[in-house]
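So the chains spell out like this:
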Amino acid sequence: MTMLLAAAAVFVGCFCATVSGFGFALISTPLLSLILSPKEAIILLPILTVVLRVVTMYRVRHQFDFKLLRTIMIGWVVGVIPGSYVLYFLTVKQLQIFLGICLLVATFLMGKKYYLPIANKTLGRIGAGFGAGFFGTSTSVSGPPIVLYLLNEDLPKDYVRGNMIWIFGVGNLTSALMNVISGNAKAVSDWNVFLLMVPVVLVAAYAGELAFKFVNQELFRKISLGIVLLGSIMMLYNGCN
């Protein structure tokens, strides 16, 4: 039963991530934290995300901007460093509460179609990357800072999705490696869970690719904000319990 629940959590998160370009860890981390220890979930999900992205990155290779990817990754790499060590000083629950509150506020503003003018897009993208790297390594949830920033720029759905798939593929590989280097990976007691989840990731990715064909621009925006909202509520719930 435990493995079935874990598989369901991974399938839902992976399906949403394939359709929208993000949301795997945002949705799956709170669910998996009910089954595994929070730290185990945080360590395993970036690795599973790398598996997912390897499958989807090739398919969207013509729909991403290398300059945007490079700029965001500069911020991501910088954010990974404090993010990997903050777990030594703060609990996962404290980080979940903080991030959940921030996401609720951001989702509300974006839902009202409030757009923040970005005078310097380079600094804005580096800042989004820093937030993704920091929270991706400390809580496994890296998507919201980047998706909210890209939605704020009001970019086409194919462009947003393609860039997020590449960003999170490269970024989660960085976070996973940093967790190994910092010693956080020792928190995983049974790596068989990872092996059992790989087929689930592949099936969910295929289903998500089929579903994306029926998503238009406005629906994509609503799905993206809905995933952030759902994830923030789940993070707050887990952080307060």
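Refer to the preceding data block for the structure.
Owing to the predicted nature of the structure, the values given are computational and were not obtained by experimental measurement.

S.K.: Before we go on, may I ask you to explain the packing of helix 3 (residues 38–57) against helix 9 (residues 192–212) in this structure?
M.R.: Describing two packed helices takes the angle between their axes plus the distance from one axis to the other. Helix 9 packs onto helix 3 with a crossing angle of 40 degrees between their chain directions and a minimal axis gap of 10 Å. Classified by the angle their axes make, helix 3 and helix 9 are oblique. For the element pair helix 3 and helix 9, the recorded crossing hand is right-handed. Each of Leu-44, Ile-47, Leu-48, Val-51, Leu-52, Val-55 and Thr-56 in helix 3 lies in contact with helix 9, whose residues at this interface are Val-193, Phe-194, Met-197, Val-198, Val-201, Leu-202, Ala-205 and Glu-209. Of the residues contributing to the contact of helix 3 with helix 9, the split by class is 13 nonpolar, 1 polar and 1 charged.

S.K.: Would you mind showing me how to read the pattern of salt bridges here?
M.R.: Oppositely charged side chains can pair when the atoms bearing their charge come close. Using the criterion set out here, one finds 3 salt bridges in the structure. Residues Glu-153 and Arg-125 are paired through a salt bridge, measuring 3.1 Å at the closest nitrogen-oxygen approach. In this pair, Glu-153 sits in the loop between helix 7 (143–152) and helix 8 (157–182) while Arg-125 sits in helix 6 (residues 121–139), placing the two residues 28 residues apart along the sequence. Accessibility classification places Glu-153 together with Arg-125 in one group, the buried group. Between Glu-209 and Arg-161 there is a salt bridge, and its shortest N-O distance comes to 3.0 Å. Taken together, the residues span a long stretch of sequence, with Glu-209 in helix 9 and Arg-161 in helix 8 at a distance of 48 residues. Residue class for Arg-161 comes out buried when judged on its relative accessible area of 3%.

Reading the values: the criteria
Residues numbered from 1 in each chain as written. Predicted model: local features only at pLDDT ≥ 70, side-chain atom pairs only at ≥ 80, totals over all residues. Heavy atoms only, no water. Axes fitted to C-alpha atoms, helices over the stretch in contact; angles between N-to-C directions. Helix = DSSP H or I, 4+ residues; strand = E, 2+ residues; numbered from the N terminus. Parallel < 35°, antiparallel > 145°, perpendicular 65-115°, else oblique. Left-handed = near helix turned anticlockwise from the far one by under 90°. Contact = heavy atoms within 4.5 Å. Nonpolar A, V, L, I, M, F, W, Y, C, P; charged D, E, K, R; others polar. Salt bridge = Lys/Arg side-chain N within 4 Å of Asp/Glu carboxyl O. Buried < 20%, exposed > 50% of the residue type's maximum accessible area, 1.4 Å probe, protein only.

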